[in-house]
Amino acid sequence: MSGTAQMLSSVDACVERIVARAGSALCVAAPLGLGKPNVLLNALYRRVEADVSLRLDLFTALSLARPQAKSDLERRFVEPFLARHFGADYPDLLYVGAQKAGRLPANIRIHEFYLQSGALLGVESAQRDYASLNYTHVARDLVDCGINVIVQLVAAREEAGRIRYSLACNPDVTADLIDRMRDTGAARPYVVGVVHPDLPFVGNEAEVAADFFDALLFEQANRHTLFALPRAAIDPVEYAIGLHASALVRDGGTLQIGIGALSDAIVHALLLRQRDNATYRAALDAVGAQLGDGTLAARIGGLGGFAAGLYGASEMVMDGFMHLADAGILKRRVYDDYAIERALEDGGIGDTLHAHAADALYACGALGPYIDKSEFARLIRFGLLPEGTQMGFTALQLADGSSLPLDLGSAEARAQWNRVLAGRTLREGRYLRGAFYLGSKAFYAWLRGLEGAAFDGLSMTRVSDINQLYGGRESLDALQRRDARFFNTCMMTTLLGAATSDALADGQVVSGVGGQYNFVAMAHALGGGRSVLLLRATREHAGKAESNLLWNYGHTTIPRHLRDVYVTEYGSADLRGKSDEDCILAMLAIADARFQDGLAAQAKAAGKLRGDFEIPRAWRANTRENLAAALKRGELAAHFPAFPFGSDFDETELRLLPALVRLKALSASRRKMAFFLLKSFISVPRVTDGEALMARLNLHRPATLAERLTRRLVLAALAETNRN
């Protein structure tokens, strides 16, 4: 604790206090993602840039930046959308732009342990100063970096004449870092909380006292639009992956998912499983899911609805959890009490206590045998006793004048307790725990609207709790996270089960390890836990298809000895405990048919696959064409729209998008693009409302040859995609 926090109302004054406190060598830590105070960081950047006697080392991750157009056509589409979506007041991080342009001042360095996916490939300063860390090791390793300033966006809520503060979107690392620095004898950093009035407030572990901070900054400039992710489309490949993955989730279990279209596809499939089970099963059948007795889905997952519900334990909290909570799927609550949690797992009690709850709790050691002060406080905390109950020398005195014995050893005493406990609802239950949140505008609105049990059931906490089993509560965490399914994405995998998720063979970092290793390792440590790595079977490169399932690759994120379950659009492969040859066979079965023969030949050449093996005929059906047709059959198509969770694009933009995606794909091949352009002149494209669509791209009055050619290409692509 810092004592009394200074209340500041000027960004510039805050910068001067930081410089005065830290001196000429500023070692600043800022949270990943949404929790960065962009306005303050930009002011600090300008201050150091203008004074060569100062030096700034910023330690952070996931520096969010608005997407940049890569062509004139992209610019025409993207810039008006970004202006509308982010507003005119969103402050882009100055250091991100300087990094990408190669203009970062010599006295400023940016150190990140996780990069915005693909955004900094080829950016030399970002690649050199990247630190490859597990998310759970960040606080530990920052202690040795000499951190002397922490800056963070925080939420505030005024109630009954006092202001409450919350680390809100980012309680992930800050408290752990401060605690570790204290424990090692390091000087306490200067901690600045920048209050954003629109940042959704979260209680429980994220809430901190004002004296957690050395300074709290209130200024109107910080009331800018929050960075919100546009809601993404889901294509047939992603839908198929989501369907296969969803069948591995067990009712009553635990769910971890990340961000992106593959996670959205899992959520959509789980919603379909709950709301329209017949259609869900038909969709699984259409994509060729293996669902019979003895299959992976039968052994570890399920196909029915969610009666017990799921508990969310995920480093990232995002839109998907909102949808699952609203649908009544994310509803299994966990309690930070081992005895109560054990009674819930065994079925002795439920969240609402039954008429014989005292007998059940007594039998499993969750109640009694004697109520002392410590036990009394525990029973009040978890709602087993009503508010207003007082502890006497020989009995508990209830607010209604009745009493309860302190000794529960007799059946008569427990009968009295049964009558009091019957119908009571347990308190302090959590249906979702996370370390940071990031999502759409709709998601932020949902967070702001939470109240009562829905608000109390959400816990944002330290990543050291969520992402691992260490810290003195391993048994409780393992009990709470029963039947856990950890879904993460990777870019590529080998047939032997090693995954590449964060970087390329030449060392260029695409994103970062983040928490992926933690969750894979935890899946192996938890009884009933499974790690599921998701990937598309192929990718397009330079206009050609390439397999994401490889024989070998020059970089590994998850080693083969931690192999577990892989899912592509063609099915699931269970690799846990399997021999190398069995792993190869399982992976070939979910590879694209175009690459199976080549992969099998490589495995045979390495002596890992028997020489007389032949690809089964059924595997030859693993094609994009079959998959695309599968989800268009009969009534299925209506259940798999491009934007199942709504879109931030308007109707005009939604009409343009398929055509622009088509042109982007064509641009990978000059020959294909030239042929497409030639066709557009041979056959004049006709498009309904074409002029309105062209006006959106400012191509309704083309003034140059380039604009006229671009207009012709877009109209041709619109005509083609409308036919499809």
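Attention here is on the structure that accompanies the text.

Considering the overall build of the chain
The number of helices and strands found in the chain is 28 helices and 25 strands. Against the globule reference of 27 Å for 724 residues, the chain gives a C-alpha radius of gyration of 28 Å, in line with a compact fold. The dimensions of the chain, computed from C-alpha atoms along their principal axes, are 95 × 70 × 55 Å. Buried residues in the chain amount to 55% of all 724 residues. Taking the contacts inside the chain whose residues are at least 6 apart along the sequence as the reference set, 76% of them involve residues at least 24 apart. Taken together, the 80 basic and 81 acidic charged side chains of the chain have centroids lying 6 Å from each other.

Overview of helix α26 (residues 670–682)
Over its 13 residues, α26 runs 19 Å from end to end, which matches the ideal 18 Å to within 8%, given 1.5 Å per residue. Along α26, the positions that sit buried rather than exposed are Met673, Phe676 and Ser680. Buried residues of α26, viewed axially, fall in a sector of 60 degrees; they line one side. The exposed residues of α26 that point more than 90 degrees off its buried face are Arg670, Arg671, Phe675 and Ile682.

Regarding the sheet that holds strand β18 (residues 492–494)
Taking strand neighbours across the sheet as the criterion, the 3 strands line up as β19-β18-β23 in an open arrangement whose pairing is mixed. The sheet is open, and its two edges are formed by β19 (499–500) and β23 (549–550), each paired on a single side.

With respect to the pattern of salt bridges
As enumerated under the stated definition, the model contains 59 salt bridges in all. Of the charged contacts in the structure, one is a salt bridge between Arg430 and Glu428, with a shortest N-O distance of 3.4 Å. Classification of Arg430 by relative accessible area gives buried; the value is 7%. Residue Arg560 is joined to Asp580 by a salt bridge in which the shortest nitrogen-to-oxygen separation is 2.5 Å. Note that Arg560 is positioned in the loop between β23 and β24 (565–568) and Asp580 in helix α22 (residues 580–588), a separation of 20 residues in sequence. In this structure Arg560 comes out as partly exposed when scored by relative accessible area, which is 36%. One continuous salt-bridge network, built from bridges that share partners, spans Glu205, Asp336, Arg433, Asp465, Arg473, Asp477 and Arg481.

Focus on the pairing of strand β3 (residues 55–60)
The side chains of a regular strand alternate, residue by residue, between the two faces of the sheet. Burial analysis of β3 places 5 of its 6 residues in the buried class, the great majority of the element. Pairing of strand β2 (residues 25–29) with β3 involves 5 bridges; the strand directions are parallel. Pairing of Cys27 across the sheet is with Asp57, part of β3.

Digging into the packing of aromatic side chains
According to the stated counting rule, one finds 17 aromatic pairs in the structure shown. Here Phe77 and Phe649 contribute two aromatic rings whose centre-to-centre distance is 5.7 Å and whose plane-to-plane angle is 45 degrees, an arrangement assigned as tilted. With a gap of 572 residues between them, Phe77 in helix α3 (residues 72–86) and Phe649 in the loop between α24 (624–630) and α25 (651–666) connect regions that are remote in the sequence. Here Phe77 matches Phe649 in class, with each residue buried. A ring pair is formed by Tyr165 and Phe213, whose centres lie 6.4 Å apart and whose planes are at 70 degrees; its orientation type is edge-to-face. Within this pair, whereas Tyr165 is found in strand β6 (residues 162–166), its partner Phe213 is found in the loop between β8 (207–208) and β9 (215–217), the two being separated by 48 residues in sequence. For Tyr165, a relative accessible area of 3% gives the class buried. Positioned over the ring face of Tyr362 is Arg414, at 4.4 Å from the centre of the ring. Arg712 extends its terminal NZ or CZ atom over the ring of Phe681, reaching a point 4.7 Å from the ring centre.

What about helix α10 (residues 277–286)?
When α10 is considered as a whole, its buried residues turn out to be Thr279, Tyr280, Ala283, Leu284 and Ala286. Down the axis of α10, the smallest arc covering the buried residues is 160 degrees, so these residues share one side. Projecting away from the buried face of α10 at angles above 90 degrees are the exposed residues Ala278 and Asp285. Residues of α10 that are buried make contact with α8 (236–246), α9 (261–275) and α24.

Here we look at the sheet that holds strand β13 (residues 395–397)
The strand order across the open sheet formed by 3 strands is β12-β13-β14, and the pairing between neighbours is antiparallel. Strand pairing shows two members of the sheet lacking a second neighbour, β12 (390–391) and β14 (403–405), which therefore form its edges. Strand direction decides the pairing type here: β13 and β14, joined by 3 bridges, are antiparallel. Considered in β14, the bridge of Ala395 is made with Pro405.

Describing the nonpolar core
In summary, soluble globular proteins display a tendency toward joint burial of nonpolar side chains. Membership of the largest hydrophobic core comes to 174 residues, with the highest contact counts inside it found for Ile18, Leu177, Phe213 and Tyr437. Here this core takes 8 residues from α9, the largest share from any one element.

Some details on unusual backbone geometry
Backbone torsion omega between Gly368 and Pro369 reads 5 degrees, so that peptide bond is classified as cis. By the secondary structure assignment, Pro369 is in the loop between α14 (357–363) and α15 (373–381). Despite not being glycine, Asp483 shows a phi value in the positive range, around 50 degrees. Mapping Asp483 onto the fold places it in the loop between α20 (474–480) and β17 (484–489). Residues other than glycine seldom take positive phi values, yet Asn698 does so here, at roughly 55 degrees. Within the element layout of this structure, Asn698 appears in the loop between α27 (690–696) and α28 (705–723).

Regarding the packing of helix α1 (residues 11–22) against helix α2 (residues 38–49)
Running from N to C, α1 and α2 cross one another at 60 degrees; their axes reach a closest spacing of 10 Å. The angle between α1 and α2 places the two elements in the oblique class. Considering only the axes of α1 and α2, their crossing is right-handed. In this structure, α1 contributes Val11, Cys14, Val15, Glu16, Ile18 and Val19 to the contact, and α2 contributes Val39, Leu40, Ala43, Leu44 and Arg47. A breakdown of the residues in the contact of α1 with α2 according to their chemical character gives 9 nonpolar, no polar and 2 charged.

Rules behind the numbers
- Residues numbered from 1 in each chain as written.
- Predicted model: local features only at pLDDT ≥ 70, side-chain atom pairs only at ≥ 80, totals over all residues.
- Heavy atoms only, no water.
- Helix = DSSP H or I, 4+ residues; strand = E, 2+ residues; numbered from the N terminus.
- Rg over C-alpha atoms; globule rule 2.2 N^0.38 Å.
- Buried < 20%, exposed > 50% of the residue type's maximum accessible area, 1.4 Å probe, protein only.
- Contact = heavy atoms within 4.5 Å.
- Lys, Arg positive; Asp, Glu negative; His and termini not counted.
- Charge placed at Lys NZ, Arg CZ, Asp CG, Glu CD.
- Expected span 1.5 Å × (residues − 1).
- Arc of directions from axis to C-beta.
- Pairing = 2+ DSSP bridges.
- Salt bridge = Lys/Arg side-chain N within 4 Å of Asp/Glu carboxyl O.
- Phe/Tyr/Trp six-rings, centres within 6.5 Å; stacked < 30°, edge-to-face > 60°.
- Lys NZ or Arg CZ within 6 Å of the ring centre and 35° of its normal.
- Core = buried A, V, L, I, M, F, W, Y, C linked by side-chain atoms within 4.5 Å.
- Axes fitted to C-alpha atoms, helices over the stretch in contact; angles between N-to-C directions.
- Parallel < 35°, antiparallel > 145°, perpendicular 65-115°, else oblique.
- Left-handed = near helix turned anticlockwise from the far one by under 90°.
- Nonpolar A, V, L, I, M, F, W, Y, C, P; charged D, E, K, R; others polar.

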